[in-house]
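# Structure assessment
Here is what each chain is made of, one letter per residue.
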Amino acid sequence: MKSISDTLHEKCAVVGVSTRESGSAAAHTAYRALFALQHRGVEGSGITATDGGSLVSVRKPGMVRDVFHEHDIETLQGSIAVGHNRYSTSGDRHAHQQPVLNDSIGFALAHNGNIPDTAGLEAYLQKRGYITSQYNDSELFGNAIASKLHGDRDVKAAISEVSAITQGAYACVVTHGGNLVGFRDPHGIRPLEIGRMKHGIILASETCALDTVGAEHVRSVKPGEMVIIRDGELVEAYQYAEAEERFDAFELVYFARHDSVMCGQRVDSVRRRFGTELAQAHALGYDKNNVIVTAVPDTSVPAAESYAAALGLEYRTAIIKNRYIGRTFMQPTQTSRQDSLRLKHTMIPELIAGKDVVMIDDSIVRGNTLPRLVALARELGAKSVTILIASPPIRYPDFYGVDTPSQDELMAAHMTVEEMRSTIGADYLGFLSVSAMVRAIGVPRGNLNLASFTGEYPIDIGKNQAHVQSSVSTEYAE
């Protein structure tokens with residue numbers, strides 16, 4: 001991870017639109033969907049539009065609202081639009097903007113995820129004269145597919161053949177030859193959803209984007225599946241690889257918006273079950289009349305509300321987040337990140353003074369945010385401060401599209417829970433166990449990617465494996 005923040009950071013968002021409307025309608029729809037998916041990446045945004053021939057694109061660093069203006073959208077003429085919000089997990093944060101393009105064949109690709117082992121892609125492209133050192137993983141993937149298309153493969157064959165030499169996580173949208181194509185890797189680590197609109201079909205990383213554009217959620221693209229859309233109609237669904245599902249649990253813990261649907265259930269409902277599991281594991285012995293439960297905004301709010309309700313405790317919004325600071329993990333230097341942390345959260349003193357304060361957060365990464373919040377609560381007169389985390393300890397780096405730090409920067413990788421508690425300054429620190437989290441998600445453990453918690457990587461991570469070490473503790477890992 002590039003940051004010193006105590007949050008993980010999401011990969012990217014992808015959007016694909018195929019409509020029977022003319023003009024810039026597809027681009028307008030993609031723009032609104034990307035706006036809804038801003039939480040998945042803020043370093044850059046891009047939209048490519050086409051009628052099946054030449055491409056027109058707008059791709060720039062920055063957030064959606066800053067990248068696109070009305071005149072930009074109006075230039076994006078075409079019945080197909082492919083969009084992308086970027087947070088860099090590979091390559092320079094200001095370069096490598098997506099969609100990945102090959103104008104000569106009218107090809108565009110937007111990729112959500114990460115390919116930790118690019119050896120197969122590099123070998124293939126180097127044999128064809130590509131200078132692969134200039135590309136990040138998404139560009140290697142896109143250029144390999146484009147090369148297959150240059151070789152007279154159809155889009156089904158091109159994607160299938162490149163996927164066969166690719167080890168990694170990918171949920172992608174592609175346009176070529178008048179088709180819009182969506183596909184996921186055989187493990188389905190990253191989400192991709194299908195929506196039906198009045199005049200066409202939309203593909204997006206989360207259902208909240210479908211809701212924003214007024215689309216009906218049809219279903220998820222399946223692991224190892226490719227869906228082909230033409231003229232606003234889904235014309236084919238093709239299982240190009242055998243599925244072995246390993247959906248990323250962190251989509252439900254942290255990344256997805258509360259109102260999205262994943263694994264057939266509302267994300268908000270899953271997070272409330274995290275709170276119920278916390279209540280069963282950590283029913284503290286404080287005087288209930290003196291306890292205040294509060295969330296570290298925003299992802300942990302449902303868990304905190306549910307925890308309080310399960311134990312008959314008072315929930316109050318005592319921690320206030322300045323939403324104009326931006327996510328602290330995106331700040332360019334440690335000093336600026338720490339300055340942002342001081343600006344990001346404040347507390348309501350009257351709700352804290354004299355209380356046994358229970359703060360609930362979604363995760364601990366480096367452990368920078370919570371010590372400051374604990375210290376602030378004590379300054380405001382808290383009688384005690386408890387920290388509860390609505391996920392297990394994060395002990396291992398992710399290589400599938402989550403921008404985690406190196407393992408030695410993960411607090412739980414080199415500290416026991418008691419050492420973490422002492423460092424944070426809390427009176428008590430508790431987590432969810434892996435089994436409790438899985439139970440709350442409601443998906444079989446074997447169908448989830450739990451690598452950040454267990455160190456068990458379902459897809460080969462190549463040379464990265466040499467940098468993964470055993471954690472000092474296995475608490476909550478059962």
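Going by the structure above, here's the rest.
Here we come to the overall build of the protein. Of the regular secondary structure elements, the protein holds 17 helices and 24 strands. For 478 residues, the compact-globule formula gives about 23 Å, and the C-alpha radius of gyration of the protein, at 23 Å, lands near that figure. Along the three orthogonal principal directions, the C-alpha set of the protein runs to about 70 × 45 × 40 Å. A total of 478 residues make up the protein; the buried ones form 61% of that total. In the protein, once contacts between residues fewer than 6 apart in sequence are set aside, the share between residues at least 24 apart is 71%. For the protein, the computed accessible surface area is about 17200 Å², with 48% contributed by carbon and sulfur atoms. Looking at charge distribution, the protein has the averaged site of its 46 positive side-chain charges lying 2 Å from that of its 56 negative ones.

What follows concerns the sheet that holds strand β4 (residues 80-86). Pairing is antiparallel across the open sheet formed by seven strands, whose spatial order is β3-β2-β4-β1-β10-β9-β11. Each of the sheet's edge strands pairs with one partner strand only, and the pair in question is β3 (55-61) and β11 (216-220). Averaged over all pairs of adjacent strands, the angle between strand axes in this sheet comes to 15 degrees, irrespective of strand direction. Strand direction decides the pairing type here: strand β2 (residues 44-50) and β3, joined by seven bridges, are antiparallel. Paired with T48 across the strands is S57, a residue of β3.

Bringing the packing of aromatic side chains into the picture now. Enumeration according to the criterion identifies twelve aromatic pairs in this entry. Ring geometry for F250 versus F453: centroids 5.2 Å apart, planes at 20 degrees, classification stacked. Of this pair, F250 sits in helix α8 (residues 250-255) while F453 sits in helix α17 (residues 451-454), and the two are 203 residues apart along the sequence. Residue F250 shares its accessibility class with F453, and that shared class is buried. Pairwise contacts between aromatic rings join F141, Y170, F183 and Y240 into one cluster.

Pairing within the open sheet is parallel, and its five strands lie in the order β18-β17-β21-β22-β23. Single-partner strands in this sheet number two, and they are β18 (314-315) and β23 (428-431). Here strand β17 (residues 291-295) pairs with β18 via two bridges, running parallel. Within β18, the position partnered with I292 by the bridge is E314.

Rules used in this analysis
- Residues numbered from 1 in each chain as written.
- Predicted model: local features only at pLDDT ≥ 70, side-chain atom pairs only at ≥ 80, totals over all residues.
- Heavy atoms only, no water.
- Helix = DSSP H or I, 4+ residues; strand = E, 2+ residues; numbered from the N terminus.
- Rg over C-alpha atoms; globule rule 2.2 N^0.38 Å.
- Buried < 20%, exposed > 50% of the residue type's maximum accessible area, 1.4 Å probe, protein only.
- Contact = heavy atoms within 4.5 Å.
- Areas by Shrake-Rupley, 256 points an atom, 1.4 Å probe, with all protein chains shown as cover.
- Lys, Arg positive; Asp, Glu negative; His and termini not counted.
- Charge placed at Lys NZ, Arg CZ, Asp CG, Glu CD.
- Pairing = 2+ DSSP bridges.
- Axes fitted to C-alpha atoms, helices over the stretch in contact; angles between N-to-C directions.
- Phe/Tyr/Trp six-rings, centres within 6.5 Å; stacked < 30°, edge-to-face > 60°.

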